[in-house]
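Breakdown of the fold
Okay, here's what each chain looks like letter by letter:
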Amino acid sequence: MSYPLRAALAVTGLVISPLCAQAQEVIALDEITVETGAEASAQQSQTTVGAEQLETEYQGASLGTILRDIPGVTTQGGGGEGAEMAVNIRGMQDQGRVAVTVDGMRQNFARSGHGANGTFTVDEEMLREVTVTRGAGAKAGAIGGAVELRRVTAEDILRDGAMRGGTLRLRYGSLSKTPTVHGELAARLSDAVDILVAGTHSEPDDYTAPDGTRVYAGQTSRSGLATIGFNTDNGQRFTLSYDRMKKTYDTGISSGSPRANDMRTESLRLGWQAEDLAGWRVEGTLYDTDTKLDQQSLDAALVPTGIWRSYDTRTTGLLLTAQRYLTIGGRDHDLTLTLEGFRDRADVNDPSGSLTPSGDRDIWSLGLEDRFDLGLARVTFGLSADSYSLDSDDGSASGQAVSPRLAIEVPLGNWFTLHAAASMGYRPPSLNETLVAGMHPEPADFEIKPNPNLKPEKSQSFEIGLGYAYEGMLVPGDALDLRATVFQNTVRDYIGLERVGSLFDSYYQYNNIDKVRIRGLELEARYEAGQVFASLAGQILDGTDQTTGEDLDSTPPDRLVMTAGLRSADLRREIGTRFTVTESKHGSTLSYDAWRTVDIFYRQEISENVEFGLTLNNIFDANYTPHLDTQPQPGFNAQASLTLRF
């Protein structure tokens, strides 16, 4: 139990509340903006990191670093030995419990093993926005939450009516083998047509952790993105995009089972937007994305042995949303309809036998959300109808369910807002859980049998939160946004791998555990005053297997992240620091020590089109391993960047 950090979080809340009240009494309230309604409701358990933060506070940082600064979120992988990453939200991860999308495209690559199951990789240089929604209901099947990643578009570059523009960025640091080169070029060919091309080449290097551990983190990564957009005379927009990323790296060197990895992700996407289609605002995405991982065994001298295996997941999907305002029975309603469907096709080629099954998975979801005012309260009612089917040579399974959700937001005066929500979630079993069959590799050679009778996981989530938004608190024009949320998520029929049978005829199989329960507190605060900025993100999480009474290893430890900085009067110079405190976690099978890190970031506009950046990470050379990772993170490291815009 991390009592010091928990006490600090509690004291923070107690200190901020009277300060807020005091500010209301002594500051002249000339310019106050009160945000109520759908936007504020959607943001209570949602965090967005925009382009400005990505370019300044997180310049050159990994996606894992960005996500671990958000309350309730942690990651597994993506650094150290391996390029694949999994996201954990409120203690839920793997097998589709967290949905990850890139420009609306599902990232569903999965393979069985001792690491995460349900991983992805992305080019951070392409990202312009990272949005995390905590809790069930954000995406079909995601009972933990969802991560939405948006990449660069032509609109991001062609500003103020420009006909062409671009960016060239160079980064180099102590963790780089060669400089990272990233370029973007966009052009408006006419009023109706625009194009964008972007590409990145990077080569992170191996490193030695402060405790002397050699971490083989070297990779070679190349990615490209091309889009073309068409604007019609009736206000619609079509976007066709193609992207490809290739990463090569070695894994298993430290464990004595080295493999050379060649990972390729390729996607084709058609996007559609209509501002007014018979009164509806419509957005649609049709896509096909394929991720393939080829692995070749290496001997002790890291020479290929010629033994290959491959994992391939191809996802074809559709996402369609339609929103409009209607007046029904004298009451205004904000309606949103969502239709999502996708098919995963897993193809595994492993001559030695694999515990990742080949097969198909189909998921369809139809959702309705209605927002309306009821007195002073804003009510959001949602309903999702989901269905799934799995099919492989070892069997099949299917099911369906309807999941409701309800949220209520009530203003308490002019600055405080009370938020409460309850939702039910439904997570279909994955191919790996339902249809896995075979023998575990030696020396631990045991049989794993399929279980086509697996029940889907069903979650019941409750949360209550308090929000505070105030402008002109200390100086005219400043703004403070504070949110605190307490939640509980109970998952029945939770799926886990269990030993079945007696001593002499036992085997392993995925089965439904009675239920697990995760409780927590999340705290977010952001203060902006032009030349001064500060933020705070904290979490307290407890997860329990209700059947055994044991702590859940997947529940991340308590954490507090504090960021503060200054900007010059002309806003061309910015310097800040980030302090991270993570408490220890000692579970039934995993154990992690507490750690503290301090980072410094700096940005300087040299001219209108030239910008210099510098980051100094882990400046006190702390030795630490994040929760669920197996390799220690780098000690003190530095990175410089130069950005040219034209």
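Everything here concerns the structure above.
So, here's what we can say about the structure. Just so you know, these numbers come straight off a predicted model, no measurement behind them.

1. Some words on the overall build of the protein chain
A count of helices and strands for the protein chain gives six helices and 35 strands. In summary, the protein chain has a C-alpha radius of gyration of 25 Å against a globular reference of 26 Å for 646 residues, a match within 12%. For the C-alpha atoms alone, the extent of the protein chain along its principal axes is close to 80 × 60 × 60 Å. Buried positions account for 51% of the 646 residues belonging to the protein chain. Long-range contacts, defined here as pairs at least 24 residues apart, represent 61% of the contacts in the protein chain between residues at least 6 apart. Within the structure as shown, the protein chain displays about 28,800 Å² of accessible surface, and the carbon and sulfur contribution to it stands at 55%. One finds the centroid of the 58 positive side-chain charges in the protein chain at a distance of 1 Å from the centroid of its 89 negative side-chain charges.

2. Describing a nonpolar patch on the surface
A grouping of Leu168, Leu170, Val181, Leu185, Val197, Ile606, Phe612, Leu642, Leu644 and Phe646 is seen on the molecular surface, where their side chains present a nonpolar patch of about 810 Å² in accessible area. Breaking the nonpolar patch down by element, the ones donating at least two residues are strand S8 (164-173), strand S9 (176-188) and strand S35 (637-645). One can find phenylalanine 612 in strand S34 (residues 610-617).

3. Points about the sheet that holds strand S4 (residues 98-102)
Taken in spatial order, the five strands of this open sheet run S1-S6-S7-S4-S5, and their pairing is mixed. Edge positions in the open sheet fall to strand S1 (46-49) and strand S5 (105-106), since each of these has one partner strand only. Pairing analysis gives seven bridges linking strand S6 (residues 127-134) to strand S7 (residues 145-151), with the strands arranged antiparallel. When the bridges of S7 are listed, glutamate 129 appears paired with arginine 150.

4. What about the packing of aromatic side chains?
One pass over the structure, following the stated rule, counts seven aromatic pairs. For the pair phenylalanine 238 and tryptophan 272, a centre-to-centre distance of 6.5 Å together with 15 degrees between the ring planes defines the contact as stacked. Placement of the pair is phenylalanine 238 in strand S14 (residues 236-251) and tryptophan 272 in strand S15 (residues 259-277), with a sequence separation of 34 residues. Assessed through its relative accessible area of 31%, phenylalanine 238 is described here as partly exposed. By the ring-pair criterion, three or more aromatic residues cluster together here, those being Trp415, Phe416, Tyr468 and Tyr470. A cation over an aromatic ring shows up here: arginine 90 above the ring of phenylalanine 487, its NZ or CZ 4.0 Å from the ring centre. The ring of tyrosine 311 has arginine 111 lying over it, and the distance from NZ or CZ to the ring centre is 5.5 Å.

5. Some points on the pairing of S9
Pairing of S8 with S9, which is carried by eight bridges, proceeds in the antiparallel orientation. Residue pairing in the sheet places arginine 169 in a bridge with histidine 182 of S9. In this structure, the hairpin formed by S8 and S9 is closed by a connection of two residues. As defined by bridge partners, S9 adjoins strand S10 (residues 193-204) across 10 bridges and the pair is classed as antiparallel. From the neighbouring strand, valine 181 faces S10, where its bridge partner is histidine 201. Taken together, S9 and the strand that follows it, S10, pair antiparallel across an intervening segment of four residues.

6. A word on the side chain of arginine 269
Its location among the elements puts arginine 269 in strand S15. For the buried arginine 269, no salt bridge exists, and the shortest N-O distance to an oppositely charged side chain is 5.4 Å, to aspartate 103. Separated by 2.8 Å, the side chain of arginine 269 and the backbone oxygen of aspartate 103 make a polar contact. At 3.5 Å, the side chain of arginine 269 and the side chain of threonine 285 are in polar contact. What arginine 269 contacts, discounting residues up to four positions off in sequence, is Asp103, Met105, Thr239, Leu240, Ser241, Thr285, Leu286 and Tyr287.

7. Some details on the environment of tyrosine 510
Relative to the assigned elements, tyrosine 510 resides in strand S27 (residues 507-528). Each C-alpha atom, one on tyrosine 510 and one on aspartate 373, is 45 Å from the other, the two residues being 137 residues apart in sequence. Apart from residues no more than four positions distant in its own chain, tyrosine 510 is found in contact with Gln95, Asn432, Glu433, Val436, Asn451, Leu454, Ile495, Gly496 and Leu497.

8. So, the side chain of glutamate 203
In this fold, glutamate 203 is placed in strand S10. Comment: no salt bridge for buried glutamate 203; closest opposite-charge side chain is lysine 177, at 4.6 Å. In terms of polar contacts, glutamate 203 uses its side chain to reach the side chain of threonine 220, at 3.4 Å. Beyond its immediate stretch of four places on either side in the chain, glutamate 203 contacts Ser176, Lys177, Thr178, Gln219 and Thr220.

9. Some thoughts on the nonpolar core
As a rule of thumb, nonpolar side chains are buried together in soluble globular proteins. Counting 22 residues, the largest nonpolar core has Leu63, Leu67, Val87, Phe120, Val130, Val147 and Leu149 as the members making the most contacts within it. Of all the elements in the fold, those that place two or more residues in this core are helix H4 (63-67), strand S3 (85-89), S4, S6 and S7. Beyond its immediate chain neighbours, meaning those up to four positions away, valine 147 contacts Leu67, Val87, Ile89, Val98, Ala99, Val100, Thr101, Thr131 and Val132.

10. Things to note about unusual backbone geometry
Positioned with a positive phi, aspartate 103 is a non-glycine residue whose angle comes to about 55 degrees. Tracing the backbone through its elements, the reader meets aspartate 103 in the loop between S4 and S5. A relative accessible area of 17% places aspartate 103 in the buried class.

Analysis parameters
Residues numbered from 1 in each chain as written. Predicted model: local features only at pLDDT ≥ 70, side-chain atom pairs only at ≥ 80, totals over all residues. Heavy atoms only, no water. Helix = DSSP H or I, 4+ residues; strand = E, 2+ residues; numbered from the N terminus. Rg over C-alpha atoms; globule rule 2.2 N^0.38 Å. Buried < 20%, exposed > 50% of the residue type's maximum accessible area, 1.4 Å probe, protein only. Contact = heavy atoms within 4.5 Å. Areas by Shrake-Rupley, 256 points an atom, 1.4 Å probe, with all protein chains shown as cover. Lys, Arg positive; Asp, Glu negative; His and termini not counted. Charge placed at Lys NZ, Arg CZ, Asp CG, Glu CD. Patch = residues over 30% accessible without salt bridge, like charges linked within 9 Å, V, L, I, M, F, W, Y side chains within 5 Å. Salt bridge = Lys/Arg side-chain N within 4 Å of Asp/Glu carboxyl O. Pairing = 2+ DSSP bridges. Phe/Tyr/Trp six-rings, centres within 6.5 Å; stacked < 30°, edge-to-face > 60°. Lys NZ or Arg CZ within 6 Å of the ring centre and 35° of its normal. Polar contact = N/O pair within 3.5 Å; in protein donor to acceptor, adjacent residues only side chain to side chain. Core = buried A, V, L, I, M, F, W, Y, C linked by side-chain atoms within 4.5 Å.

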